[in-house]
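Below are the chains, spelled out letter by letter.
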Amino acid sequence: MTATEPAPSEADSERHFERYFEDVIARDQRIEPRDWLPEAYRKTMIRQIAQHAHSEIIGMQPEGNWITRAPSLRRKAILLAKVQDEAGHGLYLYSAAETLGGDRDDLTEKLISGRQKYSSIFNYPTLSFADVGVIGWLVDGAAICNQVPLCRSSYGPYARAMIRICKEESFHQRQGYELLMTMMTGTEAQREMVQDAVNRYWWPSLMMFGPPDDDSPNTAQSMAWKIKRHTNDELRQRFVDMTVPQAEALGVTLPDPDLSWNADRGHYDFGAIDWDELKQVISGGGPCNTERVERRRAAHEDGAWVREAAAAHARKQQQRKEVAA
Amino acid sequence: MTGEWPLYEVFVRGKRGLNHVHVGSLRAADDDMALHNARDLYTRRNEGVSIWVVKAADIAASSPDEKDPFFAPSGDKVYRHPTFYDIPENVPHM
């Protein structure tokens, strides 16, 4: 054939695919790999999934910090399993990102060069073993609030990864709460450790839901694409409402004098969040940003020889097989 | 460097009597490592009794671009379904 074929067919098929994409979203079905996607949807989805994957991977560090110093074999086994889960969650998510053409090496490179972000919460230090419990209760509790609606995200592989992750997060939250209950029945010093950890982690946990709705420019598009199902403020309120009775049952005080039940709204009111702190931590100025990224970089670089050796071994085995055949 | 490690798709049989089901993917240097990584990644809580791994590059898949024509042959054959046939209500066990 010569190049005289009429060109409009391409534009027509583009419109056809776009209608198909919009129709799938409107009918609340899932977008699957190899479907035609608007480029902006692909980019947003890769960025969101990568940022989530990075959070799981970096999230291994604050708690990993306590594995060697866990107070009993039982707590050590639990903590090891939990940190291993975080690695697993990161890998489910990198796997989902790859279905959109995101390359794993490239994503890791973007994380360790600071071009992609991860959850602000992991830039806070874990100063005592009570922090392990509070991270399970509050941080994983907030993550569950965020993630349960993502099980219905419009992008199929992401939604399926979230289903697996949510099931496992439930273990994370419960082990944390149980750990804290144990400490609360201990000595006065142990109770103080728990209260101190709650004081330090309460506000950063509320910040995990992101900026307030009137300062969250991407929310509208993400909701239209059904990547996101609820606004940041809706999820934050849900988390506060769930957590207050849990704090009461535990016997700790949430460090907010403005926290009170509002019968008219049917929700708890809570005090103003320090958004400047969130901005500062997100932009690299948190207490542990440098340490976390450097640790990840060192692990990646120290592991290079293992990856190379495994690849060389695989090549050699392949060659032997070919010679034998 | 995982660029040198091919992408594998992972299929897990949840229990005897069920088909293997696709659960996700991973990177590994060879088949052996892919199986071990699949066990550690996708069956940490007894989710499987058997695992298949296959290089993603070896999978042939239908393309969404040809969605309508590719599946068209089954679209107009309603007579393949049992509900196509009217059977009087007084005929038992059918």
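Residues numbered from 1 in each chain as written. Chains lettered and ligands numbered in written order. Predicted model: local features only at pLDDT ≥ 70, side-chain atom pairs only at ≥ 80, totals over all residues. Heavy atoms only, no water.

An unreviewed UniProt entry lists chain B under the name Ring-1,2-phenylacetyl-CoA epoxidase subunit PaaB, with Prauserella isguenensis given as the organism.

An unreviewed UniProt entry lists chain A under the name Ring-1,2-phenylacetyl-CoA epoxidase subunit PaaA, with Prauserella isguenensis as the source organism.

Caption draft 1: Fine view of the packing of aromatic side chains. All names here are of chain A. All told, the structure shown has 12 aromatic pairs over all chains when counted by the stated rule. With centroids separated by 6.1 Å and ring planes inclined at 75°, the aromatic side chains of Trp-66 and Phe-129 adopt a geometry described as edge-to-face. Of this pair, Trp-66 sits in the loop between α3 (60-64) and α4 (73-98) while Phe-129 sits in helix α6 (residues 129-147), placing them 63 residues apart in sequence. When its relative accessible area of 11% is taken as the criterion, Trp-66 is described as buried. (Phe/Tyr/Trp six-rings, centres within 6.5 Å; stacked < 30°, edge-to-face > 60°. Helix = DSSP H or I, 4+ residues; strand = E, 2+ residues; numbered from the N terminus. Buried < 20%, exposed > 50% of the residue type's maximum accessible area, 1.4 Å probe, protein only.)

Caption draft 2: Main features of the pattern of salt bridges. Taken as a whole and judged by the stated rule, the model has 28 salt bridges over all chains. Among the salt bridges present, the one from Glu63(A) reaches Lys82(A), with a minimum N-O distance of 2.5 Å. Separated by 19 residues along the polypeptide, Glu63(A) in helix α3 and Lys82(A) in helix α4 bring together distant segments of the chain. Of the two residues, Glu63(A) and Lys82(A), neither departs from the other in class, the shared state being buried. With a shortest N-O distance of 2.6 Å, Arg27(B) and Glu98(A) are connected by a salt bridge. Of this pair, Arg27(B) sits in strand β2 (residues 20-27) while Glu98(A) is found in helix α4, placing the two residues in two different chains. (Salt bridge = Lys/Arg side-chain N within 4 Å of Asp/Glu carboxyl O.)

Caption draft 3: Looking closely at unusual backbone geometry. Residue and element names in this part refer to chain A. At Asp-28, a residue that is not glycine, the phi angle is positive and equals roughly 65°. Summarising the element assignment, Asp-28 is placed in the loop between α1 (8-26) and α2 (39-58). In this structure, Arg-34 takes a positive phi of about 75° despite not being glycine. Along the polypeptide, Arg-34 turns up in the loop between α1 and α2.

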